[in-house]
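Topology and contacts: notes
Residue-level listing of the chains:
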Amino acid sequence: MLRDSQLPGGAWPARPGHRAGCWATSLASLAVFLHDGDCEPVRKGLNWLCSSWPAESGLWWRARTWFRPTANVAGQDSSLAGWSWTPGAASWVEPTAYSLLLLNTVPEDLLPRHATKRRRLGEAMLYNRMCPGGGWNSGNPLVYGVPGERRVGPTAWALLALRGYANRAENQQSLRWLEQAYHQIAGPASVALAGLCLRAYGRPQPGLEARLASLYEMNGFLGNIPAAALSLIALSPEQDCLFDDSGRRRSDP
Amino acid sequence: MSYAASQIIPSFQRPPSRVAIRRAASYSDPLAAVIQETVTGLGFEVRDKTILLKPNFVEPDPQGIVNTNPAVVGAAREAFLRLGARSVVVGEGPGHERDTEGIIETIRLRDYIGTLAANFVDLNLDDVTLTPLRTSASRLRELYFPRSVLAADIVVSMPKLKTHHWVGATLSLKNMFGIVPGSCYGWPKNVLHWAGISQSVLDINSTVRPDFAIVDGIVGMEGNGPIQGSAKFCGVLVMGSDPVAVDATCARIMGLAPERIDYLAKAATVLGHVAENRVLQAGETIDSVRTDFQVLQPFERLKTVHAEAQPRPT
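Going along each chain's sequence as written, the residues are numbered from 1 onward. Written order decides the labels, with chains lettered from A and ligands numbered from 1. Residues qualify for local features only when their pLDDT is at least 70, as the model is predicted, and side-chain atom pairs are given and counted only at 80 or more; totals for whole chains, interfaces and linings, by contrast, use all residues.

Tallying secondary structure elements over chain B gives 14 helices and twelve strands in all. Between the two quantities, the radius of gyration covers C-alpha atoms and the globule rule is 2.2 Å times the number of residues to the power 0.38. Taking 314 residues into account, the globule formula puts the C-alpha radius of gyration at 20 Å, and chain B, at 18 Å, falls close to it. Over its C-alpha atoms, taken along the principal directions, chain B stretches across nearly 65 × 45 × 40 Å. The contact criterion used here is simple: two residues whose C-beta atoms, placed from the backbone, lie within 7 Å are in contact. If you take every contact in chain B between residues at least 6 apart in sequence, the share linking residues at least 24 apart comes to 77%. In this text, helices come from DSSP runs of H or I with a minimum length of four residues, and strands from runs of E with a minimum of two, each type numbered from the N-terminal end.

Shown next, in the form of structure tokens:
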């Protein structure tokens, strides 16, 4: 099904039959690569991703923020381009983290020409969007100077994408916040994702299976397939190889 | 009916709209009875209809100042069922937080509507249909919409009375951003921002115009809304079948001029009434419940009285 739904340009749509590529491209490419290592669809997916730039990196937007700095109420550095959810929109934390996970997983010889530059920019963008005190939200750490609330999902994805810099102060701060937040999480997708991330950083949380089972008992995950998939990955012993990029410790972006 | 019956009608061809303002001192008031009486009084027919309630659930919010209070959602559900609705489900697609279940469990929605699996649909993950938009205010020509919304006989928009740091105020029309599925457009649904928020509000509501609006104005939010503002007690529920007129009334209650809110000015041309002389108020008067909301500096221009009413310095 995944292979059949890839679009001719290399992107994947959000659902089979849809016409436009989007954020699903990085996760679909990663799944195809990890499942059977077929390189051609992955190469096409990577090419699409590395040639897709977010809207704020366009000349018009950069000129606008240069001439009208007050318009930039979120105070973000728009030269740090990550990835958008859909073409023509701005960079956000989660789609950037998904793309970095893919770039960090596939062998170097599959990567397109601009991949190294995009990876550096994406990593720098994530650190630029970190909330004061650690952790991430969807991508607005400050609006009108007020700090945004940190959220479990974006924090876990960003930490997974930045695992090559595990010892950086920002990673450690964010991990501390995630560990504290873990016990208050009320939704299964966030519990699974936080469990997965903390384990990837060598801080596995006891009782994850029982907690997910009790949440499933409560609402059947409301039929949420991504939540069920994340839960299964979080409980699988195979997860360790999913984020095993230990050979790729890197210098700071 | 919502999707099938949404029509672009110039406002001058629409009859005047009725909007009811009801006082409610707290969330433990008998809200279901208040809503039932108001819906009946406004002559809004729900018998044998399938109803989708669309609240504004944004973030896990233990303090209860960001989201539509679940007590109001539960009360609306109870009222519509008592009035003979065939089914009433609650549907929402939060714009920032992917873990919808985490939000609705944090606010204990289950205590008010019963089993979530049967009575709640996550609009971010629902099946979708590509739908042409009925106006072209934005560059978007079509959007995917959830089938649960398109199939409902009646859609009820249930926002919280809040200021908004991009558009001034978020009410029943802006609340409809939540029907746009995150699985297609992301968290946030940023494509709508790049296409123009006001323009997108018009295009979405021209295509799926809410049949009824119930605004939770018991405790609203002022300042840096819709998430980071401060709680503001206002003590009202505002209801009606013209969502534009309901929003205009809410703006006036907040001390804002609705015709200066860009998306309401646009909506006034084809979706409903903003002009005060085309809105028939029922229940309380605007002046008797008026509670001036603080807004961020860029939106001071929306305020109705402060500039005009204050004596000029001599």
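Contact residues are listed per partner, giving 31 residues for chain A and 28 residues for chain B. Among the elements of the structure, helix 4 (93–105) and helix 8 (188–200) of chain A are those that each provide at least two residues to the side of chain A that touches chain B. Among the elements that make up the side of chain A that touches chain B, the one with the highest residue count is helix 8 of chain A (three residues). Here the residues of the side of chain A that touches chain B sort into 17 nonpolar, eleven polar and three charged. Classification used: nonpolar for Ala, Val, Leu, Ile, Met, Phe, Trp, Tyr, Cys and Pro, charged for Asp, Glu, Lys and Arg, polar for all others including Gly.

Our focus in this paragraph is the pairing of strand 2 (residues 50–55) of chain B. Residues and elements named next belong to chain B. Partly exposed residues are those whose C-beta has more than 12 but fewer than 20 other C-beta atoms within 10 Å; 20 or more makes a residue buried and 12 or fewer makes it exposed, with C-beta atoms placed from the backbone. Extensive coverage of strand 2 is indicated by the burial of five of its six residues. The pairing criterion for strands is at least two bridges between them, as found by DSSP. Summarising the sheet, strand 2 and strand 3 (residues 87–92) pair through four bridges and their orientation is parallel. By the bridge assignment for strand 3, threonine 50 is matched with serine 87. Crossover connection from strand 2 via helix 3 (residues 70–82) to parallel strand 3: handedness right-handed. Bridge count for strand 2 against strand 7 (residues 154–158) is five bridges, and the pairing is parallel. Within the sheet, the bridge partner assigned to proline 55 lies in strand 7 and is methionine 158. When the strands point away from the viewer, a crossover counts as right-handed if the path from the first strand over the helix to the second runs clockwise.

Moving on, we get to unusual backbone geometry. The amide bond that connects tryptophan 187 of chain B to the next residue, proline 188 of chain B, takes the cis arrangement and shows omega of 5°. Looking at where proline 188 of chain B falls in the secondary structure, it is placed in the loop between helix 8 (182–185) and helix 9 (190–194). The omega torsion across glycine 225 of chain B and proline 226 of chain B is 15°, close enough to zero to call that bond cis. Its place among the elements puts proline 226 of chain B in the loop between strand 10 (212–222) and strand 11 (230–240). Although it is not a glycine, phenylalanine 221 of chain A sits at a positive phi angle of roughly 60°. When the 21 C-beta atoms within 10 Å are taken as the criterion, phenylalanine 221 of chain A is described as buried. Phi at aspartate 48 of chain B is positive, roughly 65°, even though this residue is not glycine.

Our focus in this paragraph is the domain arrangement of chain A. All names here are of chain A. Domain annotation of chain A identifies domain 1 (1–56 + 71–129) and domain 2 (151–253). Domain limits in this description derive from either an automatic procedure or a database domain assignment. Distance between the C-alpha centres of domain 1 and domain 2: 21 Å. On the side of domain 2, twelve residues touch domain 1, which itself brings 13 residues to the contact. Among the elements of the structure, helix 4 and helix 5 (115–128) are those that each provide at least two residues to the side of domain 1 that touches domain 2. Among the elements that make up the side of domain 1 that touches domain 2, the one with the highest residue count is helix 4 (seven residues). When grouped by side-chain class, the residues that make up the side of domain 1 that touches domain 2 number eight nonpolar, two polar and three charged.

Turning to the nonpolar core, a few remarks are in order. Residues enter a nonpolar core if they are buried, belong to Ala, Val, Leu, Ile, Met, Phe, Trp, Tyr or Cys, and are joined to the set through C-beta atoms within 7 Å. Judged by nonpolar contacts, the single largest core of 160 residues is most densely connected at Ala97, Ala156, Ala194 and Cys197 of chain A together with Ala76, Val156 and Ile214 of chain B. At nine residues, helix 8 of chain A tops the list of elements feeding residues into this core. Per-domain counts for this core show at least three residues from each of domain 1 (1–56 + 71–129) and domain 2 (151–253) of chain A. The residues touching isoleucine 214 of chain B, leaving out its near neighbours within four places in the chain, are Ile35, Val72, Ala76, Val156, Met158, Leu237 and Met239 of chain B.

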